[in-house]
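Report on the structure
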Amino acid sequence: MSNPDEQLKDKLILHSEEKHAKVSYVDGKSVAIVEATSSYIPIDEFKKIFTSIGKLVNEKRITKLVFDKRALTVFHQPSMEWYFTEWKEEMFHKGLKTHRKILPDNKVFKQSVKIGREKIKEENPTLKFNEMDIQYKDTLQEAIDS
Amino acid sequence: MANMTEEELKIEVKVAQEEVRLIKSKFDFQVSELKEEVSFLKEKLMAQQDMLKIAIDYATKLSAELKIFKKRIDSGNFQSTH
């Protein structure tokens, strides 16, 4: 994981690994984890990763996704637009309605994410945003448990 | 070299050709890796530029709103939200 000192009581099973991110799921729980392993994830890889998570959602009946963004320094609005308007909507209908995010300790990044998300909300008022349980956490264990 | 038979020369040419092929393949791989890295850096820089633009636009908007708010305070024409 991003923080090698972080101790987890849960066992993670690696599902897939790309150059800039990896996907795992928690043994015995309906939780998947996507972890950015580099400062930026190119949009093609981003889509590939989340498409593979879509398959995992079907296979393992995943209901919660933890997105660990701590390694990221760059936020990409077009990737986020696709993630919110297409991927999250499709997953909502498959039962994935709980999202936990772990953000990097970077004010510009955090603010840009917030502004970007508001922009997407404004432009897409009919999205299922308000029906999703979205929370920000500081550690992976907190994100898994909450 | 002058004493080489035709067969030996053929073998030597074949070895040299194989070396060239290996070097070419190595360079092709390195160029392909560099292309991928450059493409990644370019996309990352563009995203970084967009991200900073979003933050600057927001700060500019906030600054303008604060100016308006300050004017309202100075004029006494405001209502407390508390």
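What counts as what
Residues numbered from 1 in each chain as written. Chains lettered and ligands numbered in written order. Predicted model: local features only at pLDDT ≥ 70, side-chain atom pairs only at ≥ 80, totals over all residues. Helix = DSSP H or I, 4+ residues; strand = E, 2+ residues; numbered from the N terminus. Rg over C-alpha atoms; globule rule 2.2 N^0.38 Å. Buried ≥ 20, exposed ≤ 12 C-beta atoms within 10 Å, placed from the backbone. Pairing = 2+ DSSP bridges. Axes fitted to C-alpha atoms, helices over the stretch in contact; angles between N-to-C directions. Contact = placed C-beta atoms within 7 Å. Nonpolar A, V, L, I, M, F, W, Y, C, P; charged D, E, K, R; others polar. Expected span 1.5 Å × (residues − 1). Right-handed = clockwise from strand over helix to strand, strands pointing away.

1. What about the overall build of chain A?
- The secondary structure content of chain A amounts to four helices and six strands.
- Secondary structure elements in chain A, listed N-terminal to C-terminal, are β-β-β-α-β-α-β-α-β-α.
- Here the C-alpha atoms of chain A give a radius of gyration of 14 Å, agreeing with the 15 Å that 2.2 N^0.38 yields for 146 residues.
- Taking all 146 residues of chain A together, 28% fall into the buried category.

2. Some thoughts on the sheet that holds strand S3 (residues 31–36) of chain A
Residue and element names in this part refer to chain A.
- Within the open sheet, the six strands sit side by side as S1-S2-S3-S4-S5-S6. Their pairing is mixed. The open sheet is flanked by strand S1 (12–17) and strand S6 (133–136), the only strands paired with a single partner. With direction set aside, neighbouring strand axes in the sheet form an average angle of 20°.
- Helix H1 (residues 43–60) contacts S1, strand S2 (21–26), S3 and strand S4 (64–68) of the sheet and is inclined by roughly 10° relative to S2.

3. Concerning the interface of chain A and chain B
- On the side of chain B, ten residues touch chain A, which itself brings eleven residues to the contact.
- At five residues, helix H3 (residues 107–123) of chain A tops the list of elements feeding residues into the side of chain A that touches chain B.
- Of the residues belonging to the side of chain A that touches chain B, the class tally is six nonpolar, five polar and no charged.

4. Things to note about H3(A)
- Between its first and last C-alpha atoms H3(A) spans 24 Å; for 17 residues at 1.5 Å apiece the expected length is 24 Å, and the two agree.
- Against the buried residues of H3(A) lie helix H2 (77–93) of chain A together with helix H1 (6–75) of chain B.

5. Details of H1(B)
All names here are of chain B.
- The terminal C-alpha atoms of H1 lie 102 Å apart, and with 70 residues this matches the ideal 104 Å at 1.5 Å per residue to within 8%.
- Counting buried positions along H1 gives three out of 70 residues, so the element sits mostly on the surface.
- Restricting attention to buried positions, one finds in H1 the residues Ala47, Met51 and Ile54.
- Residue Gly76 follows H1 closely and has a positive phi angle near 80°.

6. Things to note about unusual backbone geometry
- Positive phi, normally seen in glycine, also occurs at A:Arg61, with a value near 50°.
- As for its position among the elements, A:Arg61 is in the loop between H1 and S4.

7. A few points about the pairing of S3(A)
Residues and elements named next belong to chain A.
- Buried residues dominate S3, accounting for six of its six residues.
- Of the two faces of S3, the one lined by Val31, Ile33 and Glu35 and the one lined by Ala32, Val34 and Ala36 are each fully buried.
- Sheet topology note: the S2/S3 ladder contains five bridges and is antiparallel. From the neighbouring strand, Val23 faces S3, where its bridge partner is Val34.
- One ladder, built from five bridges, connects S3 with S4; its direction is parallel. Bridge assignment links Val31 to a residue of S4, and that residue is Lys64.
- Running through H1, the crossover from S3 to the neighbouring parallel element S4 is right-handed.

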